[in-house]
Structure formats: C-alpha cells, structure tokens
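Structural description and commentary
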Amino acid sequence: PVLFLPKPPGMQSKHLLIVGLTAFLGQYIFLFVAMKLGMPAGLSSVTLQLQVFITILLSVLLLGERPKARQMIGAAVAMAGLAAIISTVGEGTSIPAIAMLFIVLAAVTWAIGNFTVKLAGPDGGFGTLSGVAWISLVPILPAFALSYVFEGLGQWLHMWQTVRPISLLALAFTVVFSTWIGFAIWGKLLSTYTASVAAPFALLVPVFGGLSAFLLLGETLTPLRMAGSLLIFAGLAIIVLRLPKRVAAQ
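Residues numbered from 1 in each chain as written. Predicted model: local features only at pLDDT ≥ 70, side-chain atom pairs only at ≥ 80, totals over all residues. Heavy atoms only, no water.

All right, on to the overall build of the protein then. Broken down by element type, the protein carries twelve helices and zero strands. When the helices and strands of the protein are placed in sequence order, the string is α-α-α-α-α-α-α-α-α-α-α-α. Here the C-alpha radius of gyration of the protein, 20 Å, is about what a compact globule of 250 residues would show, namely 18 Å. Dimensions of the protein, computed from the C-alpha atoms along their principal axes, are close to 80 × 50 × 30 Å. When burial is assessed residue by residue, the protein has 36% of its 250 residues classed as buried. Expressed as a percentage of contacts within the protein between residues at least 6 apart in sequence, the contacts between residues at least 24 apart total 89%. Carbon and sulfur atoms make up 74% of the accessible area of the protein, which totals about 14500 Å². Counting 13 positive and 5 negative side-chain charges, the protein places the averaged centre of each group 13 Å from the other. (Helix = DSSP H or I, 4+ residues; strand = E, 2+ residues; numbered from the N terminus. Rg over C-alpha atoms; globule rule 2.2 N^0.38 Å. Buried < 20%, exposed > 50% of the residue type's maximum accessible area, 1.4 Å probe, protein only. Contact = heavy atoms within 4.5 Å. Areas by Shrake-Rupley, 256 points an atom, 1.4 Å probe, with all protein chains shown as cover. Lys, Arg positive; Asp, Glu negative; His and termini not counted. Charge placed at Lys NZ, Arg CZ, Asp CG, Glu CD.)

Remark: helix 4 (residues 69-86) packs on helix 12 (residues 223-240), axes separated minimally by 7 Å, with the N-to-C direction vectors making an angle of 165°. In terms of orientation, helix 4 lies roughly antiparallel with respect to helix 12. In this structure, the crossing between helix 4 and helix 12 has a hand that is left-handed. Here helix 4 contributes Arg 70, Gln 71, Gly 74, Ala 75, Val 77, Ala 78, Ala 80, Gly 81, Leu 82, Ala 84 and Ile 85 to the contact with helix 12, which in turn contributes Leu 224, Arg 225, Gly 228, Ser 229, Leu 231, Ile 232, Ala 234, Gly 235, Ile 238, Ile 239 and Val 240. (Axes fitted to C-alpha atoms, helices over the stretch in contact; angles between N-to-C directions. Parallel < 35°, antiparallel > 145°, perpendicular 65-115°, else oblique. Left-handed = near helix turned anticlockwise from the far one by under 90°.)

Enumeration over the complete set of coordinates arrives at six aromatic pairs. A centroid spacing of 6.4 Å and a plane angle of 55° characterise the contact between Trp 110 and Trp 186, whose relative ring orientation is tilted. Of the two residues, Trp 110 sits in helix 5 (residues 97-120) while Trp 186 sits in helix 9 (residues 165-192), which places them 76 residues apart along the sequence. For Trp 110, a relative accessible area of 12% corresponds to the buried category. (Phe/Tyr/Trp six-rings, centres within 6.5 Å; stacked < 30°, edge-to-face > 60°.)

Moving on, we get to helix 4. The end-to-end C-alpha distance of helix 4 is 25 Å, a good match for the 26 Å that 18 residues give at a rise of 1.5 Å each. Residues of helix 4 that are buried sit in contact with helix 2 (41-47), helix 3 (50-63), helix 10 (195-198), helix 11 (204-216) and helix 12. (Expected span 1.5 Å × (residues − 1).)

You can see Thr 22 is positioned in helix 1 (residues 13-36). Since its relative accessible area comes to 11%, Thr 22 is described here as buried. Apart from residues lying up to four places away in sequence, Thr 22 is in contact with Gln 27, Thr 109, Ile 112 and Gly 113.

Further remarks concern the pattern of salt bridges. What the rule picks out here adds up to one salt bridge. One salt bridge connects Glu 65 with Lys 118, and the closest N-O pair in it is separated by 3.3 Å. Residue Glu 65 is located in the loop between helix 3 and helix 4, and its partner Lys 118 is located in helix 5; the two are separated by 53 residues in the primary sequence. Judged on exposure class, the residue Glu 65 and its partner Lys 118 are both buried. (Salt bridge = Lys/Arg side-chain N within 4 Å of Asp/Glu carboxyl O.)

With that out of the way, let us pick up the nonpolar core. Ranked by size, the top nonpolar core spans 42 residues in total, and within it Val 19, Ile 135, Phe 183 and Ile 232 carry the most contacts. Considering each element in turn, this core owes the most residues, seven residues, to helix 5. Not counting residues within four places of it along the chain, the set of residues in contact with Phe 183 comprises Val 19, Ala 23, Phe 24, Val 117, Phe 126, Val 132, Ile 135 and Ser 178. (Core = buried A, V, L, I, M, F, W, Y, C linked by side-chain atoms within 4.5 Å.)

As for its placement among the helices and strands, His 15 is situated in helix 1. The class for His 15 is buried, based on a relative accessible area of 9%. Aside from chain neighbours lying at most four places away, what touches His 15 is Thr 116, Leu 119, Ala 120 and Phe 126.

In this section: the environment of Val 138. You can see Val 138 is positioned in the loop between helix 6 (129-135) and helix 7 (140-150). Residue classification places Val 138 among the buried positions, given a relative accessible area of 13%. Distance from Val 138 to Val 19, taken between C-alpha atoms, is 8.7 Å for residues 119 residues apart in sequence. Setting aside residues up to four positions removed in sequence, Val 138 forms contacts with Leu 16, Leu 17, Gly 20 and Leu 21.

Below, the structure written as structure tokens:
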C-alpha cells in the first residue's frame, strides 16, 4: 500500500521511527520471545494489557493529563476484571522469570508507541491507513537483521517449506484487519481522546480472545472468566457513558 498511499503530511519522521520501533517491532519481538521461553499464550494476551496503565501513567506524568474520578473508577473496575481473567490462565504451569520479563518489556514498548501517537496529536497521521502503511516499513530491516543473527538462514528455508494455508490466512488477517485497519482506528482514538478514555479499550483484547478460543478452539469459558469480562465491560461503561444531569424541580 505504501506504493499508492502518500505519507501523511503531518507525520514527523522521528515519531514514525519511534512508533515503528516500539509498537510495531519491539512489542512483537518481546511478545514472541516470551512465548518461546515458556509464557502461555492466554496469559501473554492478558499480561500484555499492562500497557494500558503504563500508557495512562506516561500521559499523566509527561503530558499533564488529569483523569477524572469517573475514569479512574472505571479503570479500576476494568483492572479487577483483568485480574480475574489472569487468575484463570496458566494454572499449574511454571513460568520462567525471563519469560515474564520479556512480556513486561512488550507492554512497555507498546505503551511508548501509544504515548508517541498521543504526543504527535490528531494531525500526526497515525489514525490513517496511509500512516499505518508507512509505519509498517520501519520494522522490516531490523526484524530481518534480528532473525538473521539469532535464527539464521536455515530457519527461513524451513519456514517456507512448512508453511500451511492456515498460517497464510492468519497472516492475512493480522496484516489487513489487526494492523492496517485496527491500528488506524486505535491511532485515531489515542490521538483524539485522553489516554484514560482510549487506552482501557485494549482490555477488550483478552475478552474477545477468550470468546474466540471458546467458539473456535473449544477452550473452556469458566464462570470466573465470564465475570472478569463483565467487569471489564462495566469499567469501560463507567469511563465512557455520562450519567444524565439531574433536572432541577420546577
């Protein structure tokens, strides 16, 4: 798409590089390495959402944002739901400390990318399809270099020899819907609203991830997970829904 979409005029090169190296490269490098080192996929999905609270913290400390009491209460309720979901995954498994460290680094790099999108503002171009396409150029060479150093050419040949149609479909979904469309919407929300309003919506990731695993993979949807999901929805409702003002009696 970069061949057909011009770079957004308001997108600064420094912001482009930072977001590309953090949210588009570091996040996934650290995430996949953590899973390779023993971090369960389900627990990775929910632990990665620590980025929500790191994003809010960075915006408060460095941008001077001041969340309203209602937004803080909603975030706390949603966090309780996330904690409930976390408590149901990875039971009986031993997770290496290094794997947990890498998943935290993934959350930190994603949060830095989020903060940079907010810093760039609504005119920064991150909430557009062309902006996402240009950001996607950044990770290519660093990712190839890291793969060459740590995996070697033999791994690339093995990958092409063992690729399956389901892998290509997963890649296509990630490229088109998750990255190109999804991140454009995410960038638009982050650059338009305060972090305390926009960032908590990422907590829906483990909710829909668990629901998809239940519907498509036959994984168990326990009562505690359902309760945690409801708490997340309740927390988001508290954040975004305004209560009607009381009408004074005539």
